[in-house]
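# Results of the structural survey
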Amino acid sequence: MNVTRSRTLPRPQDMTSAQKLMVFVLSMTLFGLANILTEVLPEFKVGPVELSVSYLAFVPVVMVCLFNPLYAALGAPLGEIVFVDLLMGNFSGIGEVEGYLQLATGLYVAGSLVRDPRRKWQVATAAVVAVTIDKGIGGMVDVAKVWIGVEDAEYVEGLPESILLLEGFAFTTDLLISGVLFGAIPAAYLAARLYGKIEPLMGMRPRDPNEPLADRARPSAAFIGLGVFLMLGSAVLALLEAADVQFGVWEPDFLDQYGPGFLWIGVAAALLVFGGIVLAARAVARESRQQRKD
């Protein structure tokens, strides 16, 4: 990377509103495309437990490690809602907010832990942390649904406490598959390779380990309180959905009507948005270079 050129670019702390929006939409689009891919990946079932790829965690993890973690984390889970749930006709309304809050919180914390994306262990740890927060909160909410009585559980015969065992097994498999195999390993490699190459294309400098990270999560009482509030909020929304409280539901299920080929609609929409982001990034970068010359 050209050091002189990187110094002329604005710091991550000095991002413009346009650049923040580009990070948000780019994160949303890439994760949306990744989730479309997971729709065609095979699933395996061992008793009541499903073995599948929940999501390709490395995609949003790389985004929160390279760019502003707040805007990248807010954009990524929206990609699944827009390009998979809404376009495919499988939007469950308020229940989608639960997953959004959980994943956005996990990604935000994970991205805030990374000071230098070139250090693979930092990125790998971030991927594991993101999936741990997302799936950990989700597992606790699922157990709460059963204990409160708004949802039936699949028990192992002769083992009344098996709901905890099954949730623990599901959490472990999600952590290994999504957190490590499709998270930590590819994210650590890609973040190091992309560092310093993709940020200048959007008119930004890459992260500097010696400078404080903009908009990062801090281990303060206020942030911990906010995290607890969001966790409780997602739990309440999940309980309402389990209790058949319907709001904003959109479920024509186009995949069942038109088959897997309908996924190309989501791919086309995501690629159109991605193309718009590329053009916008080039325009912003060109304007930024012109301002520096003046």
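None of these values were measured; they are calculated from a predicted model. Residues take numbers from 1 onward in each chain, read along the sequence in its written order. Residue-level local features of this predicted model are given only where pLDDT is at least 70; pairs of side-chain atoms are given and counted only at 80 or more, and the full residue set underlies all totals for whole chains, interfaces and linings. Processing note: side-chain calculations cover all non-hydrogen atoms of the structure and skip hydrogens and water entirely.

Here we come to the overall build of the protein chain. Only DSSP runs of H or I reaching four residues or more are called helices, and only runs of E reaching two or more are called strands; each is numbered from the N terminus. Helices and strands together make up the secondary structure of the protein chain, namely 10 helices and 2 strands. Along the protein chain, helices (α) and strands (β) appear in the sequence α-α-β-β-α-α-α-α-α-α-α-α when read from the amino end. Throughout this description, buried means an accessible area under 20% of the type-specific maximum (1.4 Å probe, protein chains only), exposed means over 50%, and partly exposed covers the range between. Burial status across the protein chain gives 44% buried among its 294 residues. What makes two residues a contact is simply this: any of their non-hydrogen atoms within 4.5 Å. Relative to all contacts within the protein chain whose residues are 6 or more apart in sequence, the contacts with residues 24 or more apart total 82%.

The term salt bridge refers to a side-chain nitrogen of Lys or Arg lying within 4 Å of a carboxyl oxygen of Asp or Glu. Considering all chains together, one arrives at 2 salt bridges under this definition. The closest approach of N and O atoms between Arg 118 and Asp 116, which form a salt bridge, is 3.0 Å. Of the residues examined, Asp 116 reaches a relative accessible area of 8% and is grouped as buried. Linking Glu 211 and Arg 205 is a salt bridge whose minimum nitrogen-to-oxygen distance equals 3.6 Å. Taking the relative accessible area as the measure of exposure, Arg 205 reaches 16% and is therefore buried.

Ring geometry is summarised as follows: Phe, Tyr and Trp rings, the Trp one being its six-membered ring, pair when their centres sit within 6.5 Å, and such pairs are stacked at plane angles under 30 degrees, edge-to-face over 60 and tilted between the two. According to the stated counting rule, one finds 2 aromatic pairs in the structure shown. Considering the side-chain rings of Phe 31 and Tyr 55, the 6.0 Å spacing of their centres and the 70 degrees angle between planes classify their relative orientation as edge-to-face. In this pair, Phe 31 sits in helix H2 (residues 17-38) while Tyr 55 sits in the loop between strand S2 (49-51) and helix H3 (58-66), placing the two residues 24 residues apart along the sequence. The residues Phe 31 and Tyr 55 share a single accessibility class, namely buried.

A word on the packing of helix H5 (residues 95-113) against helix H6 (residues 120-148). The contact between H5 and H6 brings their axes to 8 Å, and the two run at 155 degrees. Put simply, H5 runs roughly antiparallel to H6. Viewed along their axes, H5 and H6 form a crossing whose handedness is right-handed. Of the residues in H6, those touching H5 at Glu 98, Gly 99, Gln 102, Leu 103, Thr 105, Gly 106, Leu 107, Val 109, Ala 110 and Leu 113 are Gln 122, Ala 126, Val 129, Ala 130, Ile 133, Asp 134, Ile 137, Gly 138, Val 141 and Lys 145. Gly counts as polar in this scheme, as do all residues outside two lists: the nonpolar Ala, Val, Leu, Ile, Met, Phe, Trp, Tyr, Cys and Pro, and the charged Asp, Glu, Lys and Arg. Of the residues in the contact of H5 with H6, the class split is 11 nonpolar, 6 polar and 3 charged. Note on geometry: axes are lines fitted to C-alpha atoms, helical ones only across the stretch in contact, with angles between N-to-C directions running from 0 to 180 degrees. When describing relative orientation, an angle under 35 degrees is termed roughly parallel and one over 145 degrees roughly antiparallel, while 65 to 115 degrees is termed roughly perpendicular and anything else oblique. Handedness of a crossing is defined here by the sense of rotation of the near helix relative to the far one, left-handed for an anticlockwise turn of less than a right angle and right-handed for a clockwise turn.

Here we come to the packing of H3 against helix H4 (residues 69-88). Between H3 and H4, the shortest axis-to-axis distance is 7 Å and the interhelical angle comes to 155 degrees. When the axis of H3 is compared with that of H4, the two are roughly antiparallel. Handedness of the H3/H4 crossing: right-handed. Residues Pro 60, Met 63 and Val 64 of H3 form the contact with H4, whose own contacting residues are Pro 69, Ala 72, Ala 73 and Ala 76. Each residue belonging to the contact of H3 with H4 can be placed in one class, and the counts come to 7 nonpolar, no polar and no charged.

Attention now moves to the nonpolar core. Formed by 54 residues in total, the largest nonpolar core has its most connected members in Val 23, Phe 31, Val 61, Phe 67, Leu 107, Val 123 and Met 202. Elements with a minimum of two residues in this core: H2, H3, H4, H5, H6, helix H7 (162-194) and helix H10 (263-293). Excluding anything up to four places from it in sequence, Phe 31 contacts Tyr 55, Leu 56, Val 59, Pro 60, Ala 76, Pro 77 and Leu 103. Nine residue types can take part in a nonpolar core, namely buried Ala, Val, Leu, Ile, Met, Phe, Trp, Tyr and Cys, and a core is a set of them joined through side-chain atoms within 4.5 Å.

On the surface, a nonpolar cluster with roughly 270 Å² of combined accessible area is contributed by Ile 224, Val 228 and Leu 232. Locating Ile 224 in the fold gives a position in helix H8 (residues 221-242). Grouping into patches uses exposed residues only, defined as over 30% relative accessible area, and leaves out salt-bridged ones; the cut-off is 9 Å for like charges and 5 Å for nonpolar side chains (Val, Leu, Ile, Met, Phe, Trp, Tyr). Computed by Shrake-Rupley with a 1.4 Å probe, the accessible areas treat only the displayed protein chains as cover when residues are assessed.

It is worth spelling out the confidence of the model for the protein chain at this point. Here the protein chain averages 82 in pLDDT, and 85% of its residues register 70 or above. In this model, residues 1-7 is a region of pLDDT below 50 whose contacts with residues beyond four sequence positions or in other chains number 6 contacts. Residue-level confidence of the predictor is what pLDDT reports, using numbers from 0 through 100.

To continue, consider the side chain of Thr 173. By secondary structure assignment, the location of Thr 173 is in helix H7. Residue Thr 173 is classed as buried on the basis of its relative accessible area, which comes to 11%. Here Thr 173 is in contact with Leu 51 and Ser 178, once residues within four sequence places are set aside.

Turning to the side chain of Glu 199, a few remarks are in order. Looking at the element boundaries, Glu 199 is found in the loop between H7 and H8. A distance of 3.4 Å separates a polar side-chain atom of Glu 199 from the backbone nitrogen of Lys 197. When residues no more than four places from it in sequence are discounted, the contact partners of Glu 199 are Leu 66, Phe 67, Leu 194, Met 204, Arg 205 and Pro 206. We call two N or O atoms a polar contact when they sit within 3.5 Å, provided that within protein one can donate a hydrogen and the other can accept it, with sequence-adjacent residues counted only if both atoms are side-chain atoms.

The next point concerns the environment of Val 278. Structurally, Val 278 can be placed in helix H10. Sequence separation between Val 278 and Leu 26 is 252 residues; the distance between their C-alpha atoms is 8.9 Å.

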